[in-house]
Each structure stands twice: as C-alpha cells, then as structure tokens.
2 protein chains.
Amino acid sequence: MDDILPLAKAHKLPEPVLKPVGVPHVEDSAASEHEPAELEAAPLSPRLAAYQALPVTKSTITHNYTPALAVLDADDMDKEELEARIVTVIEDYKEKLQLRTDHHMGYPYNLDFDYGPLEGLQKYCINNLGDPFIESNYGVHSREFEIGVLQWFARLWEIDVDDFWGYITNCGTEGNLHGILVGREVLPDGILYASRETHYSIFKAARMYRMDSEKIATLESGEIDYDELRAQLTANCARPAIINVNIGTTVKGAVDDLDRVLQILKDTGYNEDRFYIHCDGALFGMMIPFVKRAPMVTFKKPIGSISVSGHKFVGSPVPCGVVMTRLKHIKGVSSDVEYLNSRDATIMGSRNGHAPIYMWYTFTRKGYEGLRKDVEKCLRNAHLLKSMLERAGVKTMLNELSSTVVFERPREEAFVRKWQLACEGDIAHVVVMPNITIRKLEHFVQELFESRTRVSVAEAMQLAEDARALDDDE
Amino acid sequence: MDDILPLAKAHKLPEPVLKPVGVPHVEDSAASEHEPAELEAAPLSPRLAAYQALPVTKSTITHNYTPALAVLDADDMDKEELEARIVTVIEDYKEKLQLRTDHHMGYPYNLDFDYGPLEGLQKYCINNLGDPFIESNYGVHSREFEIGVLQWFARLWEIDVDDFWGYITNCGTEGNLHGILVGREVLPDGILYASRETHYSIFKAARMYRMDSEKIATLESGEIDYDELRAQLTANCARPAIINVNIGTTVKGAVDDLDRVLQILKDTGYNEDRFYIHCDGALFGMMIPFVKRAPMVTFKKPIGSISVSGHKFVGSPVPCGVVMTRLKHIKGVSSDVEYLNSRDATIMGSRNGHAPIYMWYTFTRKGYEGLRKDVEKCLRNAHLLKSMLERAGVKTMLNELSSTVVFERPREEAFVRKWQLACEGDIAHVVVMPNITIRKLEHFVQELFESRTRVSVAEAMQLAEDARALDDDE
C-alpha cells in the first residue's frame, strides 16, 4: 500500500450547488401534478412533512418513466408457445443486463463476483425470519452462515462476540434505519445531527421516527463542518445527541473524523450516556479497515452502531448489508414473538437467507488478505483515473481515503446514461470498485474525451452560426 | 369450487391464551439478562417503550441459540483445499435444506416452485433502487418486470393504472410499514386501530412512527371485535382513524370484514377524508380474489393501501411482497433524490431486482386460472386435513375463507420442530399451501397420531409408576 499512500488530499473543485439541472420535461402524466416548490424549501412541520430526505423540488424527474413488461397472458397461447416466449424474454433481458454491467461506472457496486457453486440454492425459500441469534421454527434458514458472517464483522470492528448484536439487512438504508432507531430508543429525546452530504436515508429516518434533526454544513471535502457541529451541540446541550458519522459520503466519499467528533462531544460536556453515534459505512465501512493510516472505526470507541452494504464493495446479486450494535442497546428494544418462536429486533420480519451465504462465500474465498488487495487495487485505480482526467484538463477531486473520483458532470446526457454515472448538481462521480479495471478506465476516459470534444465543437460551431446570422453579408 | 364451499365456519376451540410455554431454559448467555416482566404488561410510554409488538415477556426464548458456521480461514489452507471445503459445506447445507423443505408444514410459504430458466440471472447485481416508475441511472435493474407485476395487481385490485403507486417489497412487514407510514402522513394526528391478533409488524410500526394506537379485542374466529372497534372509534371521534384490516390473520387466517368496518366508520361519523384503511393481506390477500363468495378487497372501496407477500402463496426463493396505494397519497410523501436520479417513496433505498422477475415468471406461467386452481386445491386440502384430525379427536378450527388449520399444540417439542409448526400459546397451525399434497398430509397426520400416542402412553405409565411408589407391597 505504501506506493499509493498518501493519496492527494481533497483537491480543489468548486463547491457544488444543488440545483435543478435543465428544464424538466414535464409530461402529461401523473407526476406533472407535483406541486412546484422552492428548492431547499424551509423545513415543513415534522408532523406534516414528507418523510423523505429532501423536499419535493422543481427538478421533479418525469422524463424517464419506466416501460412495463406486462405479465404475458397465458390464456392466449398454448403451453409450448408460452414457454418459448418466456425464454425469449429472459434471454433478451440477460443480454441487456450484460451490456449494462459492462458499462457501469457510477454506483459503488462491485459487479465482479462469481457465485457458481451456490447456484442450486435458488431452489429453496431461505428465510431468516426474526432474530438471527435465535432459531425460529421455520427450518429453511441460513442463520449459521449469518452468525458466522456477523462474527467475522465483530472481529473486524473489535467487539466481543458476547457483546454485540446485529443482522444481515436488505441494504445500507435498512442498516441506517435500524441504527437511528436504536439511537432513538436509547435516547428518546435525542436530537439527530448529520451533515448535509449524508445519505438521504438518515434524514428519512428522522421523518419516519418523528425525531428532531439538525442538518450540519460540510467542508469542501464533504466532511461534516466540525465547527458548526460544535456550535449546534453547544446550543442544544440540554438534550442528548444522536450523531450520524459518515464513513464515506455518498457523492464524494468523504470520511467524517470520528475521533474529532468524539473530542467535540467531550468538549461540549456530553457524557457517554448522553450521546449515541451511528456510523454509516455503506461503502467505505468495508474498505477502511484495510487502509493503512485510516482512522479506526471500532467498537473500542464509544459508538453505538455501524452499518455497511454487502452488495457494494463485497459484491452480491441482491442488495444486502450488515448492521451491528451493542447487545445492551438491543435488550431494551426487542421482544419475543411467540408466533415466530423468535425474538425480533430487526426492522423486517422475513429476511433474505441467501444474502448471508453470498457474504460467507466471499469472505471465505478472499479472506482478509484478499479484501486488502481489492482495496489496494481500488485506491490505486482511483488515483490513476484522477491523473488521467487531470491530464486532459478535467477538474477532479479525490479524497485521501476514498476511491470515489469526483469530476465535472459530463454535458451529454446520453454519455451519463450509458456509463450510469451518479450525478448531483454539476458534479458526477466514478466509484472505483474491484470490477473497474485499467482497461475499463481507458475505455471510459476515451469516450469521455470524445463526448467533451463533441460538445465543444458543437458550441464553437454554434458561435459561428450565431455570427453568421448577424452578418447578413455572408 | 362449489364442492368445497361453504367450508365449516369457525369451529369452536378454547380461546387461546398467550402464555409462556414451559419453563424457559435460561443459559448463562446474554439473553438471560433480559429483565423479567409481566406478560401483557401495561403499555409503556411510547417514548420509552420497545418498538416491537409485544412487551418483553417471561417467555424469553434462550434455549435454541443458533450455532455459527464461521467464515473459513483461507490463510490456513491452499486454494484447492479451500474450494473443496466450501463445496462440502454447501452440499451438506443443501441436503439439510431439502430435508427441512420436505418436512415443512407450519408457515404459509409455498415451497413448490421451479425457477429453472431464471438461474443465470444470479450472475447480475440487479437493484431497483428508488422508485419503480422512474428509472435511476443504475442500469442493471428489472423495473420493466416490476411495473408489469404491479399492473397485474392493479387489475386484480381494480385500480386504474394511472391512479396507483406501489412497489415490490422485501416482505409483508415492509408492506405494512409502508402502508401505515402513508396513513400517518395522510392523517398525521390519526390513531392506529388494529385487532390483537394482527401481525406484530403493525404495532411495531406504531412504535417506530410514534403513533397512538388502540389494540382491539377479537372474536373467537380471530376477526376484529366490531363492537369494540365501534366503541373505540366513537370515543376517539375527535381524531382521524388509521385502521389495519386483516385479510387473513397470522395464526387463524381470520378475515376482518372490510364492508362492516366501512359501515362502522360511516355510522360513527368518519368521512372519507378522516380515515385511512390499510389491508394486511400477507398471505390471503393473494388468495381471496380467487375465492367465490369472499368479500372483495378492492380499491373501488375507500381503502388506502394493500400489502401482500410474494414468498407465501406465490412462492419464491427470497422473501418479497407487494404494497399498493393511491398515487394521490404518495405525492405528499415522495421527493426527488438527485443522486439516484430517482424519486424515492419506498422504505428501502436499494431493492432486490430478482424478486419482480420471480413474480412475473409465476404469474405468466400460471395465469389467473392457474392461481385459482392453486387456491381451490389449498382450500380443499385444508378441509381434508381438518376432517382427518377431527376423526381422531383432535380439536381443530378452520375459518370459512382460510386454508389455515388450527389445532391443539402437539405436546412433543421434537414433533413441533420436525414439522416446523408455528405455535402461539396452546394452539398450532398448518397453513395448507400448494406444496402441501395429500400424501404429505397423510405422512403428517400419521406422525402426529404416533406422537400423541407416545405422550398418552407415557402419561398412563407415569400414573402406574406413581401408584406403585405408594403401594409398598408391590
């Protein structure tokens, strides 16, 4: 790793402004009836407001409604014809999936996985309903794999196997919903603090759970603004604090400094029984343990919970994730449900039992060392992409502890869609995952430059066209 | 269907009492530290209470902690050895899954499915993140299948394709969490009403969302006590009502009478803008449209939302479900999240894109007619099981519109676990799904009778043993 660290730290880029991009193409569809509202409108009353992270804005996207693939009408054809039609639909769909998988750059999903030996498991309805630690009477489950994976994470995050509780979730959002809920149950009067670049599920949780929340400004890097956090904590010192710490923000991959947050809590007089910290490590929570010199995210520090995604850095056919907290916190929020013969402190009742097997398989095959190598490769390739883009004058930013390369949003929408870039305002990003090879970066950069050239040439020609219109002589 | 309807209506069975079964085997593990609490304890303050349906009870189950299957340590062996070990683990596990699938009777899961042609899809990370109707930039999704399935349900539940909104969930609980949340957003000051035999996820939602709730008594059949509902609605008439209507309760398969609930709302002066009805149709919501003479659950009546499970009657390798509501309700609660290029009114962010394909495939292959036949078969076999059990003097109950056969809880715990029966208090049930054949019923009943005989003989012999101890002469 030494050859790639330290990475350049938070290269300058204009502070992105959240704004509607382009004029929304409003169709005469249902969504066109959305009430227009000012962007970043004043917060609505918590009792009346939408439960999502952001208020409904002018940029309501209405131009890409999904087409439907209707359920075929079996009565219209004989059995053989029906089977043939199904096969055609599925085979066409697989081709599309392969094409889209090949051109994916924008989301932090590791699409490079091979679960061949697990294929036969799709014959079974595997459901880990209820608590992972206590078997329910439903026998077709994979709790033994789930506990194995949780213990693997317990070792990673340094918590004794007798002191933790956790489960394998459906996604990072579920882990965040759980972590914030546990925080609220531990500190029912607590105020939720999170930075404005936090994933929207955190503020969604605050709306769902009817919690007061404070959205804290961010630094240029995307980290939480520590001074503003300190000021808010001081102002609200009469009430406990529930703090979301980002271990890699969604857009810029910025890591909030946990140690600094803990120091601020100490400085402002919050004892450990008056704060609860949830670490949202959706992507980078899986990577940071393998990065030298990164601040440790560990239960040896007074944090309450961590959530990560399983389909991001690890890679999996289905979205999944892990949430882990301290057993002592769960005791207050769980209860036995005799019907399941199982205590249930999860958000969901039924839970996908295939997901733990995917994780178990990957961790077994790669081991900590294999994951460390994957992290190293991602950080190195992120650095390479940044250098390649800068060589051509594209403004970029790469946080020191991140494989998320942020750059100017490409202006051709078709290019954005082809490469499935996640955009916010005038920035886009590529999240370099283990499936992003150097060859793929070459292909991407080549096409990006061609796209930029097309846009520039078109604009230059437009200037000439405009001039020609004014110049009657020509 | 005529030959099987009408089924016997709500045969008498002692009203089950929720009570701890046996003395919990408390191990010196973490769970043993659970505070003992009275069963059905007085509701705690909503701000301090657990968020689950039931308070923590004395019956804390601690005797069946799941064993862990540790992630193998790849550093300890060479690659070939590791691969061989993995194959062994997975093959052993598949055998266990098959055995458990063969002996499953208790949960309402249709384990009879064959998704052979879909097998290659596990190579792809299919994620329908965000709103199903609006494509996100992430291209590896299955929204076209999802919309097709939703439109199939819209036809089933009689709502115009322009008027509904919905999505494919991770399970019935997610559908319930969504329905109740929409209800709360529409009527922020509403009180939640649900019967005491309602699935625990509904009261879990009330705790999560900080809503006031009223638990209504039930009739012997398991239906909501209409008189008590009327009295509660009258008493609380100053505040709007959010009512959960069970389309098949979890334990007894009881169907709350939607028309009667609507009449009570009318009688007690609740106009349509002052109530919101969520229909929890986890299992039976998929079956009721195919049952002659069943009351219709339809959006032509003033209901707000319906949720059903996909892994229950339909059958699927992963838990899944559908929630559907009126588009007008969603407009208030959704917002665009530019990062996803997608509005998100779902509970989860990332969503399993394989689930919609399973449903699309089943609906296409079976058609409405195939599903009708499955329902007919289930109701007929439920009736058969009831008759077989009664012939041997086992007390049973079968609601008219249900395939859930309720009977005395078998007293041998090993039998309960072998057949994976879901139990509550002194009752157990078998949910007759399409995979429960007559042959399987024969096998089950045979073993049940053998189990009962063993228990009776053991008790009789114990009497003799006790008598012998008192009779010194022998």
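No experiment lies behind these values; they were computed from the predicted model shown.

Outline the side chain of T268 of chain A, listing residues and values.
Residue and element names in this part refer to chain A. Considering the arrangement of structural elements, one finds T268 in the loop between α6 (258-267) and β5 (275-280). The exposure class assigned to T268 is buried, which follows from its relative accessible area of 18%. Here L265 takes part through its backbone oxygen, which lies 3.2 Å from a polar atom of the side chain of T268. Discounting residues that sit within four places of it in the chain, T268 has contacts with R230, L233 and T234.

I'd like a rundown of the side chain of S402 of chain B, residues and numbers included.
Looking at the secondary structure, you find S402 of chain B in the loop between β10 (396-398) and β11 (404-408). There is a polar contact of 2.8 Å between the side chain of S402 of chain B and the backbone nitrogen of T404 of chain B.

Let's hear about the sheet that holds strand β7 (residues 321-326) of chain B: which residues, and what values?
Residues and elements named next belong to chain B. Pairing is mixed across the open sheet formed by seven strands, whose spatial order is β1-β7-β6-β5-β4-β2-β3. Pairing within the sheet leaves two strands with one partner each, and these edge strands are β1 (164-169) and β3 (213-216). Each strand of the sheet is rotated relative to its neighbour by a mean of 15°, with strand direction disregarded. In terms of strand pairing, β1 meets β7 through six bridges, oriented antiparallel. Bridge pairing in β7 links F164 to R326. Set on the sheet, helix α5 (residues 226-235) makes contact with β2 (191-195), β3 and β4 (241-246); between it and β3 the angle comes to about 155°.

Can you lay out α6 of chain A for me, pointing to particular residues and giving the numbers?
Given 3.6 residues to a turn, an α-helix orients residues that are three or four positions apart in the same direction. Residue and element names in this part refer to chain A. All buried positions along α6 are accounted for by L258, V261, L262, I264 and L265. One face of α6 carries all of its buried residues, which in axial projection span an arc of 160°. Turning to α6, the residues buried within the fold contact α5 (226-235), β4 (241-246) and β5. Put simply, D257 is the residue that caps the front of α6, since its side-chain oxygen is 3.1 Å from the backbone nitrogen of D259.

Which residues make up the UniProt feature "modified residue: N6-(pyridoxal phosphate)lysine" (unreviewed entry) in chain A, and what values go with them?
All names here are of chain A. Sites flagged by UniProt as "modified residue: N6-(pyridoxal phosphate)lysine" (unreviewed entry) map to K312. Residue placement: K312 occurs in the loop between β6 (305-309) and β7 (321-326). Take K312: its relative accessible area is 14%, and that puts it in the buried class. Residues in contact with K312, not counting those within four places in the same chain, are P108, Y109, N110, A282, L283 and M433.

Give me the lowdown on the nonpolar core, citing residues and values where you can.
Counting residues in hydrophobic clusters, the biggest one holds 276 residues, and the most contacted among them are F153 of chain A together with F153 of chain B. Those residues in contact with F153 of chain A, other than ones at most four positions away along the chain, are M286, V308, V322, M324, M359 and F363 of chain A.

Please give an account of the pattern of salt bridges that cites residues and values.
All chains considered together, the criterion is met by 44 salt bridges over all chains. Two residues, R365 of chain B and E83 of chain A, come together in a salt bridge whose shortest N-O distance is 2.9 Å. Of this pair, R365 of chain B sits in helix α8 (residues 354-391) while E83 of chain A sits in helix α1 (residues 79-102), each in a different chain. Look at R365 of chain B and you get partly exposed, because its relative accessible area is 33%. Relative accessible area serves as the criterion here: at 23%, E83 of chain A is assigned to the partly exposed category. A salt bridge links E376 of chain B to R372 of chain B, with the shortest nitrogen-to-oxygen separation between them at 3.1 Å.

Quick one: what's the story with the pairing of β5 of chain A, residue by residue and with numbers?
Residues and elements named next belong to chain A. With six of its six residues buried, β5 lies for the most part within the structure. A two-sided burial pattern is seen for β5, the buried positions comprising F275, I277 and C279 on one face and Y276, H278 and D280 on the other. Relative to β5, β4 is paired through six bridges, and the arrangement is parallel. When the bridges of β5 are listed, I242 appears paired with Y276. Read from β4 through α6 to β5, the crossover connection turns out right-handed.

Describe in detail α8 of chain B, supporting the description with residues and values.
Residue and element names in this part refer to chain B. With 38 residues, α8 extends just 44 Å between its outermost C-alpha atoms, more than 12% less than the 56 Å of an ideal straight helix rising 1.5 Å per residue. Roughly 85° is the biggest bend found in α8, and it falls at G367. Where α8 ends, the next residue or the one after it, G393, has phi of about 80°, a positive value.

Run through unusual backbone geometry, naming residues and quoting values.
All names here are of chain A. A positive phi is found at E158, a non-glycine position, where the angle reads about 55°. Relative to the elements of secondary structure, E158 occurs in the loop between α2 (143-156) and β1 (164-169). Its relative accessible area of 32% is what places E158 among the partly exposed residues.

Definitions and cut-offs
Residues numbered from 1 in each chain as written. Chains lettered and ligands numbered in written order. Predicted model: local features only at pLDDT ≥ 70, side-chain atom pairs only at ≥ 80, totals over all residues. Heavy atoms only, no water. Helix = DSSP H or I, 4+ residues; strand = E, 2+ residues; numbered from the N terminus. Buried < 20%, exposed > 50% of the residue type's maximum accessible area, 1.4 Å probe, protein only. Polar contact = N/O pair within 3.5 Å; in protein donor to acceptor, adjacent residues only side chain to side chain. Contact = heavy atoms within 4.5 Å. Pairing = 2+ DSSP bridges. Axes fitted to C-alpha atoms, helices over the stretch in contact; angles between N-to-C directions. Arc of directions from axis to C-beta. UniProt positions renumbered as here; feature names shortened; annotations may be inferred. Core = buried A, V, L, I, M, F, W, Y, C linked by side-chain atoms within 4.5 Å. Salt bridge = Lys/Arg side-chain N within 4 Å of Asp/Glu carboxyl O. Right-handed = clockwise from strand over helix to strand, strands pointing away. Expected span 1.5 Å × (residues − 1). Bend = angle between axes of the 7 residues up to and from the residue.

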